[in-house]
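Coordinate inspection notes
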Amino acid sequence: MGIRKDIDVAYHIPSPEPYADIDNTCRKAIENPPIPADAFNNELTKQSKTVIERLDHILPGQNAFTADLPDKLKLNVHGAKISQIYKRLDPDKPAYTVTGSGGGGTHIYHWKESRALTNRERARLQTFPDTYKFIGSKESVRKQIGMAVPCRGAKIIFEAILKSFAGIEYPSIEPNINE
């Protein structure tokens, strides 16, 4: 976030303290309220038998490199060990970054069921309301969600910007980067 130097307004990073008691766990986002089976953008991704078998060995919060996988299910990857490959959500923590790039982005896997999340579940992690309809193919929608800014996060930032320009103080924290 930046403001032109010729404008005499100081923006401060909003404090997370006002949101400390909000339950923003994956479980809450995806299960409360339950997603109707016929919800828009809620199609399941077909998982191969090997993917399902691999996911059966990965615990919530683990990925293909931290799980105790049998040799036949280990990935044949040398060099970088990308932490989001076959990563399962931890239902009691907020979601890690929801990504989308290249051929549709990295799948995010359910903590209990051996499957990728639906686009509606991914959209909920990004705080989109169920009434928001992404348009396009399933893979296009997956990319759109992965490249989106979480709605609630954007709201907090924009409210802080508007308060900064209006001269209204708000709870803030010191930046950890000064440039």
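A brief structural summary. (Residues numbered from 1 in each chain as written. Predicted model: local features only at pLDDT ≥ 70, side-chain atom pairs only at ≥ 80, totals over all residues. Heavy atoms only, no water.)

1. Considerations on the side chain of arginine 88
For clarity, the cut-off: Under the scheme used here, helices are H or I runs from DSSP no shorter than 4 residues and strands are E runs no shorter than 2 residues, and both carry numbers assigned from the N terminus. Partly exposed residues are those whose accessible area sits between 20% and 50% of the maximum for their type, while under 20% is buried and over 50% is exposed, using a 1.4 Å probe and protein chains only. For the purpose of charge, His is not counted, nor are the chain termini; Lys and Arg are scored as positive and Asp and Glu as negative. The term salt bridge refers to a pairing of a side-chain nitrogen on Lys or Arg with a carboxyl oxygen on Asp or Glu at a separation within 4 Å. We define a polar contact as two N or O atoms separated by no more than 3.5 Å, with the added condition that, inside protein, one atom must be a possible hydrogen donor and the other a possible acceptor, whereas residues neighbouring each other in sequence contribute only through side-chain atom pairs.
Relative to the elements of secondary structure, arginine 88 occurs in the loop between helix H2 (49-55) and helix H3 (119-125). Buried and unpaired, arginine 88 has aspartate 56 as its nearest opposite-charge partner, separated by 4.8 Å. Of the polar contacts made by the side chain of arginine 88, one reaches the side chain of serine 114; its length is 3.0 Å.

2. A look at helix H5 (residues 151-166)
Note the cut-off: To estimate how far a helix should extend, the number of its residues minus one is multiplied by 1.5 Å. The directions considered for the arc run from the helix axis to the C-beta atoms. Whether two residues are in contact is decided by their heavy atoms, any of which lying within 4.5 Å being enough.
The end-to-end C-alpha separation of H5 is 22 Å, in line with the 22 Å expected for 16 residues at 1.5 Å each. Those residues of H5 not exposed but buried are Ala154, Ala160, Ile161 and Ser164. Along the long axis of H5, the arc covered by the buried residues comes to 130°, so they all point the same way. Exposed side chains of H5 directed beyond 90 degrees from the buried face belong to Arg152, Lys155, Leu162 and Ala166. Structurally, H5 contributes buried residues whose contacts are with strand E1 (13-14). A positive backbone phi angle near 75° is found at glycine 167, which sits one or two residues after H5.

3. Examining the packing of aromatic side chains
As a reminder, the rule being used: Whether two aromatic rings pair depends on their centres lying within 6.5 Å, for rings of Phe, Tyr and Trp, where Trp uses its six-membered ring; planes under 30 degrees apart make the pair stacked, over 60 edge-to-face, and the rest tilted. Any Lys NZ or Arg CZ found within 6 Å of a ring centre and within 35 degrees of that ring's normal is scored as a charge over the ring.
By the definition in use, this model includes four aromatic pairs. Between tyrosine 86 and tyrosine 109, the aromatic rings sit 5.6 Å apart at their centres with planes inclined by 15°, giving stacked as the arrangement. Taken together, the residues span a long stretch of sequence, with tyrosine 86 in the loop between H2 and H3 and tyrosine 109 in the loop between H2 and H3 at a distance of 23 residues. In this structure tyrosine 86 comes out as buried when scored by relative accessible area, which is 15%. Residue classification places tyrosine 109 among the buried positions, given a relative accessible area of 6%. Residues phenylalanine 128 and phenylalanine 134 carry aromatic rings whose centres are separated by 5.0 Å and whose planes lie at 70° to one another, so their mutual orientation is edge-to-face. Here phenylalanine 134 falls in the buried class, since its relative accessible area comes to 4%. Lying across the ring of tyrosine 86, arginine 54 places its NZ or CZ 4.8 Å from the centre. Positioned above the aromatic ring of phenylalanine 40, the side-chain terminus of lysine 133 is 5.0 Å from the ring centre.

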